[in-house]
Amino acid sequence: MCKPDAVERGLVGEIIRRIEITGLKFSRIEMRVVDEATAKAHYAEHEGKSFFGELIEFITRSPVVVCEVTGPENTWEIVRKIMGSTNPASAAPGTIRGDLANSISANLVHGSDSAESAARELANFFPSR
Ligand code: CMP
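A short tour of the structure in this document, coming up. Since this is a predicted model, take the numbers as computed values, not measurements.

Procedures and definitions
- Residues numbered from 1 in each chain as written.
- Predicted model: local features only at pLDDT ≥ 70, side-chain atom pairs only at ≥ 80, totals over all residues.
- Heavy atoms only, no water.
- Near = heavy atom within 4 Å.
- Polar contact = N/O pair within 3.5 Å; in protein donor to acceptor, adjacent residues only side chain to side chain.
- Areas by Shrake-Rupley, 256 points an atom, 1.4 Å probe, with all protein chains shown as cover.
- Salt bridge = Lys/Arg side-chain N within 4 Å of Asp/Glu carboxyl O.
- Helix = DSSP H or I, 4+ residues; strand = E, 2+ residues; numbered from the N terminus.
- Contact = heavy atoms within 4.5 Å.
- Buried < 20%, exposed > 50% of the residue type's maximum accessible area, 1.4 Å probe, protein only.
- Phe/Tyr/Trp six-rings, centres within 6.5 Å; stacked < 30°, edge-to-face > 60°.
- Lys NZ or Arg CZ within 6 Å of the ring centre and 35° of its normal.

All residues adjacent to the ligand are Lys3, Tyr43, His46, Phe51, Glu54, Leu55, Thr86, Arg97, Ile104, Ser105, Asn107 and His110. Isoleucine 104 has a polar backbone atom sitting 2.6 Å from an oxygen atom of the ligand. Against a free-state accessible area of 450 Å², the protein chains account for coverage of 80% of the ligand.

This is how it looks when you write it as structure tokens:
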């Protein structure tokens, strides 16, 4: 997912380019404002954490770009490597966050952390599929 800060900063094309040039395919791309229920389901594992409220407010504030990326079984792992660490302070140069972000909350992108998470998150965002 390209988060609201990515859309606001005009970085969606750059983010997609960095993933697409590896040969992974974008099989679905949709821009939308995420509603609160979908956001809370997406981030359910973080409920109760100090930043949960801020996280929901942030992800629902303006449009995101939800993407389904297709490739080998470990596509999620490749995408996360391209994204870099959650905290831009420790994200390696050459990664999306290492090059383009400076905040742990506004860190431009979200990527599933396993094949199982990817299936669950896609079902949350695209329930009619
Ligand atoms: P993401 O991969 O979308 O998954 C959960 C998000 O919570 C994470 O990226 C960060 O943007 C955000 N996050 C994690 N830790 C913090 C924190 N300490 N303060 C604010 N946001 C955080």
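Following the structure, the description resumes.
With that settled, consider the pattern of salt bridges. Under the criterion given, the structure shown has eight salt bridges. Linking arginine 32 and glutamate 30 is a salt bridge whose minimum nitrogen-to-oxygen distance equals 3.0 Å. Residues joined in a network through salt bridges with shared partners are Glu14, Arg17, Arg18 and Asp99.

Secondary-structure assignment places threonine 86 in the loop between α5 (75–83) and α6 (96–100). Residues threonine 86 and glycine 98, 12 residues apart in the sequence, show an inter-C-alpha distance of 9.6 Å. Aside from chain neighbours lying at most four places away, what touches threonine 86 is Arg97, Ile104 and Asn107.

Its identity as a non-glycine residue notwithstanding, leucine 108 has a phi of 75 degrees, on the positive side. Looking at where leucine 108 falls in the secondary structure, it is placed in the loop between α6 and α7 (115–125).

Bringing the environment of glutamate 30 into the picture now. Topologically, glutamate 30 is positioned in strand β1 (residues 25–32). The exposure class of glutamate 30 is partly exposed, given its relative accessible area of 28%. For the pair glutamate 30 and valine 66, spaced 36 residues apart in sequence, the C-alpha separation works out to 5.2 Å. Leave out the neighbours within four places in its chain, and glutamate 30 touches Val64, Val65, Val66 and Phe126. Separated by 3.0 Å, the side chains of glutamate 30 and arginine 32 make a polar contact.

A word on the packing of aromatic side chains. A full pass over the atoms with the stated rule returns zero aromatic pairs. When the ring centre of phenylalanine 126 is taken as reference, the NZ or CZ atom of arginine 28 above it lies at 4.0 Å.

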